[in-house]
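# Remarks on the overall topology
The residues making up each chain are set out below.
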Amino acid sequence: MKRIFFVTALATGLAMSPAMAQQAQHQHDSSHTEAAGQPDKDAGMMMGSAAMQEHRQKMEEMRALMQQARAATNPAERQRLMAEHRQKMQEHMARMMQGDQSAMMQACHERMMMMHDMMEQMAAQQSATPSK
């Protein structure tokens, strides 16, 4: 089990390294563009932007709902909280897929699919390798 966790963590780290490097390069490039007086049209989801602040707020609301649902002892209350969480999540995803964020979301989705495919391959290799 420790071996699977280690392989998973390593693969995730390796898969994220190019994405992080690309993001750092993009941030570096955009700071030069903005310094030259040209606004960066892709800066809509930068860490301090209004869109990112709204995203963080929505995520915090969803986390709070999930925490309340996990703590609920009444099954009906838990089900109501889970339904509310699901609705907020679907609404937020729909908003994220509209407008300027749609291209970013598509790129993120593609990267996640690639990582999922690689994780499946690692799991298949792990299950095919006899344990010692």
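That block above? That's the structure.
Conventions adopted
Residues numbered from 1 in each chain as written. Predicted model: local features only at pLDDT ≥ 70, side-chain atom pairs only at ≥ 80, totals over all residues. Heavy atoms only, no water. Salt bridge = Lys/Arg side-chain N within 4 Å of Asp/Glu carboxyl O. Helix = DSSP H or I, 4+ residues; strand = E, 2+ residues; numbered from the N terminus. Buried < 20%, exposed > 50% of the residue type's maximum accessible area, 1.4 Å probe, protein only. Expected span 1.5 Å × (residues − 1).

## Here we look at the pattern of salt bridges
- Counted by the stated rule, this structure contains four salt bridges.
- The closest approach of N and O atoms between Arg 63 and Glu 60, which form a salt bridge, is 3.9 Å. Of this pair, Arg 63 and Glu 60 are both found in helix α2 (residues 50-71), three residues apart, which corresponds to roughly one turn of the helix.
- Judged by relative accessible area, Arg 63 falls into the partly exposed class, the value being 48%.
- With a shortest N-O distance of 2.8 Å, Glu 77 and Arg 80 are connected by a salt bridge.

## A few points about helix α4 (residues 101-128)
- Between its terminal C-alpha atoms α4 stretches 40 Å, which fits the 40 Å expected from 28 residues at 1.5 Å a residue.
- Taken together, the buried positions of α4 are occupied by Gln 101, Met 105, Met 115 and Met 122.

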